[in-house]
Amino acid sequence: MDAFWIILAGLLVAIPCGLLGCYLILRNMAMVGDAISHAVLPGIVIAFFVSGSREPVSMLLGAGILGIITTFIIEFFHAKARLQTDAAIGVTFTWLFALGVILISVFAGKVDLDQDCVLYGEIAYVPIDLWITSSGKIMGPRVIYIMGVVFLVVLSFILVGYKELFLTTFDPAFAAASGIYISVWHYLLMGAVSFTTVGAFESVGAILVVAFLIVPPATAYLLTDNFKKMMIITAILGFMVSFGGYYLAVWLDGSIAGAMTVVAGLLFGIVFVRQLAGRRMSYGL
Amino acid sequence: MIHQVQNPIVELHDLTVSYLQKPVLWGIDLTLPAASIIGIIGPNGAGKSTLLKAMMGLIELSSGYVKIFDQDLDKVRSRVSYVPQKESVDWDFPASALDVVLMGRYGKLGLFNRPRKADKEVAMECLRQVDMVDFAKRQISQLSGGQQQRVFLARALAQEADLYFMDEPFAGVDAATEKAIINLMKTMSNQGKTVVVVHHDLQSAQEYFDWAVLLNLRLIASGPVDQVMTTKLLQETYGGKLTLLAEVGELLTKKEFPSREKQWE
Amino acid sequence: MNIVDFISLSDPNVRFVVIGSMLLAASSAIVGCFTLLKKKALVGDAVAHSVLPGVCLAFLLSGVKNPVFLIIGAFITGWLSLVLIDFITARSKIKEDTAIGLILSVFFGIGILMLTVIQKSGNAAQSGLDHFLFGQAASLVGMDLIVFSAISLILIIAVVICYKELAIIAFDEGFAQSIGFPVRALELLLTTLTVLAVVTGIQAIGVVLMAAMLITPAAAARFWTSNLKVMILLAAALGALSGLIGAYISYLAPAMPTGPWIVMVISLIAILSFFLAPQKGILVRWFKQKNFQTQMLEENILKLFYQLGEINGNFYTPRTVEQIMERRPFQDFRLRKGLIKLKRQGYLESTSQGWAYTQAGKTKGQRITKLHRLWELYLTEYLRIAPDHVHEDAETIEHIITPELEKRLEEKLEYPRLDPHQSEIPYHK
């Protein structure tokens, strides 16, 4: 049963991250996703400290706001200080992440978070971290509920805004000319990324969030020329990664988040090498 | 040699556009006639694409206004179509030719609604008009430069607009595509539609356009093509740099001087 | 445990830690200048994350925490990550930023998996390996410090020797190639230096935040200077300063991770620089705009006095605030402030009937009026702009034309008498 909950948690992180990641990599914003996933940390710590518990609503709110702020700061440095984009990203997220780690040390003992958890999460504890109602009824693993909600929100966001997201990603100038507010969609997407990151952070940590945001979509991008198929393949890859990663971790007795990342990397490697071989053959003909 | 027309389809009034405080278009007063093919002609860096973007409301104006069909752009957006430069998008994007053409329908659909069967039929019909039906399902990166440009045109057609702005549609296309595009434009103008094209080849301009706009940071001429494409006006457009103007522009950028005083008030 | 003990470096352990932290931070800042200028700032992030599996692998193979082995391991995987990023970008449709994020997360995941496996293996020597994640300057002792410092020195020497070459590939690779520089080899050198900088820094900063040590000091320095040599020295100095402060904090509160503190210090320095630096800083540019605003207001007031003088034929008639406002609606308090300032500058004097020109005020007001009308004429004659559209533009340009441009404008238009609205252009006699 533990295996089931852990794999399900992984899947519930993998799918929303992967779907949003499809947009990020096509917008050349993969590193912005990376930055957001690091920069929400101080928001999480502050929310922990203020609410005194792992109360998910304030946590999602606190860190979600910080994700949007991160995007604003990056754009502020870029537009107002005329700092080149890559440097603006680099300066912003390292600063905020450092702030988060420092806050954890300052609040040590008051906040049930440690540095390692920040990096690679505690997905192994998913099955024992239960949601118990005030009447004492055990509802099952807490993370499953949080990520379930995140999953549904992201999925409905993409279903509703599919057209607009697709068009603003492919051809922003044309989108603006057709009367679509491109910056609104930009911030909605960034908001969705922050929201997902926060939900996923606690269970799988920063690396797995980045890995799920980037690696399965990049793999799917190599496998298909069709955007909808790319999203479906990403979801399937997310399942393979959660499943394979869990058993790899059990076998090696190591970090589950780390192992899931390794599996994602392996799948990418296989697809990439196959594509290289395929190209060579088609050149040979 | 600036002809102003009665009942213009596009009217620019004292339009100034700046980039980093430096005006790249100075005080343009321009009116364009309906149901014609209009070429915007000038050297590199003359501000041709900028003018197009300003008319489409894609960049901020330092002064002046744009009227289309005698109205604000936002009111008539569905009647206006914009074809960006081909290079402005990533052609490795996972989309088929049909997907791209369907984007032309999005503006009319609004939020929540997905393209219906009728929209797909319109899109296929537009692909047929540019002779690309056989490539509908083809991934866009596998198309040649000319075919990609045809897909862009089909997308514009799918918008079923009355006014079309096209940024360098002839750049990097084969001779057959160029001919196909110009025929299409002629058909469109015969149907009463107006096409405004950014163009830099002087040789073909005379033959392609009814109306020419000569531009080089400022408006030099606008009028029927045979009256505008004269040696004297072309020399003024392509030669004779206005050094004083350029230096004042540089000064504005360097000192980060606001290009319009009222921007503060 | 006080600041005197700390600064005097009397404790050899403190001495090691402080010197080590400063040297590490400075050397990565130097290399960071080149990667920043090459617009490859985030590549450092990828290398930083990618050294983790190398460190773990070296430990797994050797079974000891020998800094030499660990560095070799880190160097190999760090280098491999850069090669893979280039390879993926070149051989597939995947773009560079995606490739960076992909390699970064996968390598780091491999590292974490290995680290957790090692931690559970029961090998006692492994304790402290996790300091590589967030950095612990206090763990820099003896052998480590000597090895890391030696690498830092090698790195600095390499940059000094190859300064010219690195500068040119950072600035314009195409040009470097055209004049026969071995661009590939130099790229390789820069890559190697980046990896080395990361490798030396991780012990104190940690892999997660190491990217900041490459990017942030360089970004901060860039705001203070446009001279590459000065920028490098400044970045190194700022890096070293943050290393020093970080080490001090970690000395006072050993529970605090050093890396995040060093990054926090350098980040705050950088953010202050973004706001305060002369010329490029946000605040300075904001003040400059404010100054222009005041300058425009004052010149507009002087111009107005000239125009009023033209109407009644006497430039020295005193005018009341109401008369001025009637002609041109200024904001009331700004107008009064401007009038007082112009009086202080000697352009206006206040009389019982109101404000009036001084000689200097008239000269200045006349010049602005002349520039306004000359520019209007230039726009109509050379830009074919309609006479009723030139005023607004001239309202700005009149304030920025230099005496040199003024002279050329007069010559170009051949000292015209009238502007497009048939107003006389006043020349100074």
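Residues numbered from 1 in each chain as written. Chains lettered and ligands numbered in written order. Predicted model: local features only at pLDDT ≥ 70, side-chain atom pairs only at ≥ 80, totals over all residues.

**Student:** Quick rundown of the overall build of chain A? Include the residues and the values.
**Tutor:** On a plain count of helices and strands, chain A comes out with 11 helices and 2 strands. Ordered by position in the sequence, the α and β elements of chain A form the string α-α-α-α-α-α-β-β-α-α-α-α-α. Whereas a compact globule of 285 residues would reach a radius of gyration of roughly 19 Å, chain A reaches 19 Å, a difference of no more than 12%. Its C-alpha atoms give chain A principal-axis dimensions of about 65 × 50 × 35 Å. The burial tally for chain A puts 58% of its 285 residues in the buried class. Residue pairs at least 24 apart in sequence account for 71% of intrachain contacts in chain A once pairs closer than 6 positions are excluded. (Helix = DSSP H or I, 4+ residues; strand = E, 2+ residues; numbered from the N terminus. Rg over C-alpha atoms; globule rule 2.2 N^0.38 Å. Buried ≥ 20, exposed ≤ 12 C-beta atoms within 10 Å, placed from the backbone. Contact = placed C-beta atoms within 7 Å.)

**Student:** Lay out helix 10 (residues 183-205) of chain C in plain terms, naming residues and giving numbers.
**Tutor:** Spanning 23 residues, helix 10 of chain C covers 31 Å between terminal C-alpha atoms, matching the ideal 33 Å at 1.5 Å per step. Just downstream of helix 10 of chain C, G206 of chain C is the residue with a positive phi angle, here 95°. (Expected span 1.5 Å × (residues − 1).)

**Student:** Describe the sheet that holds strand 7 (residues 194-199) of chain B, listing the residues and the values that go with them.
**Tutor:** Strand pairing in a sheet relies on backbone hydrogen bonds, with the paired strands running either antiparallel or parallel. Residues and elements named next belong to chain B. The mixed open sheet is built from 6 strands, whose spatial order is 5-6-7-3-8-9. Whereas interior strands pair on both sides, the edge strands pair on one side only; in this sheet they are strand 5 (80-83) and strand 9 (218-224). Put simply, the sheet's adjacent strands are angled 15° from each other on average, direction ignored. With 6 bridges joining them, strand 8 (residues 211-216) and strand 9 adopt antiparallel strand pairing. (Pairing = 2+ DSSP bridges. Axes fitted to C-alpha atoms, helices over the stretch in contact; angles between N-to-C directions.)

**Student:** Kindly report on the environment of A34 of chain B, identifying the contributing residues and their values.
**Tutor:** Residues and elements named next belong to chain B. Summarising the element assignment, A34 is placed in the loop between strand 2 (22-32) and strand 3 (37-41). Residue class for A34 comes out partly exposed when judged on the 16 C-beta atoms lying within 10 Å of it. Counting along the chain gives 196 residues from A34 to T230, while the straight-line C-alpha distance between them is 23 Å. Excluding residues within four positions of it along the chain, A34 makes contact with I9 and T194.

**Student:** Before we move on, could you go through the interface of chain C and chain A and cite the residues and values that matter?
**Tutor:** Contact residues are listed per partner, giving 45 residues for chain C and 50 residues for chain A. Mapped by element, the contributors of at least two residues to the side of chain C that touches chain A are helix 4 (67-91), helix 5 (96-121), helix 6 (131-134), helix 11 (210-222) and helix 13 (258-276) of chain C. Of all the elements, helix 5 of chain C adds the most residues to the side of chain C that touches chain A, at 15 residues. When its residues are assigned to classes, the side of chain C that touches chain A shows 31 nonpolar, 8 polar and 6 charged. (Nonpolar A, V, L, I, M, F, W, Y, C, P; charged D, E, K, R; others polar.)

**Student:** Which residues make up the confidence of the model for chain A, and what are the values?
**Tutor:** Averaged over all residues, the pLDDT of chain A equals 87, while 94% of them reach at least 70. Within chain A, helix 10 (residues 227-252) of chain A carries the highest mean pLDDT (94), whereas helix 6 (residues 115-120) of chain A carries the lowest (70). (pLDDT = per-residue confidence, 0-100.)

**Student:** If you had to explain the environment of V13 of chain A to someone new, which residues and values would you point to?
**Tutor:** All names here are of chain A. With respect to the helices and strands, V13 occurs in helix 1 (residues 2-26). Separated by 16 residues in sequence, V13 and M29 have C-alpha atoms that sit 19 Å apart. Ignoring sequence-local partners within four residues, the contact set of V13 consists of M147, A200, S203, V204, L208 and F212.

**Student:** Pulling in residues and values, what's your account of unusual backbone geometry?
**Tutor:** All names here are of chain B. For D70, which is not a glycine, the phi torsion comes out positive at approximately 65°. Its place among the elements puts D70 in the loop between strand 4 (63-68) and helix 2 (73-76). Backbone geometry places D131, a non-glycine residue, at a positive phi of 65°. Examined against the element boundaries, D131 turns out to sit in the loop between helix 4 (117-129) and helix 5 (145-158).

**Student:** How would you summarise the packing of helix 4 of chain B against helix 5 of chain B if you had to cite specific residues and measurements?
**Tutor:** All names here are of chain B. The interhelical angle for the contact between helix 4 and helix 5, taken along N-to-C directions, is 135°, at an axis separation of 8 Å. Between helix 4 and helix 5, the angle is such that the two are oblique. For the pair helix 4 and helix 5, the crossing hand works out as right-handed. Listed contacts from helix 5 to V122, A123, C126, L127 and Q129 of helix 4 are A154, L157 and A158. (Parallel < 35°, antiparallel > 145°, perpendicular 65-115°, else oblique. Left-handed = near helix turned anticlockwise from the far one by under 90°.)

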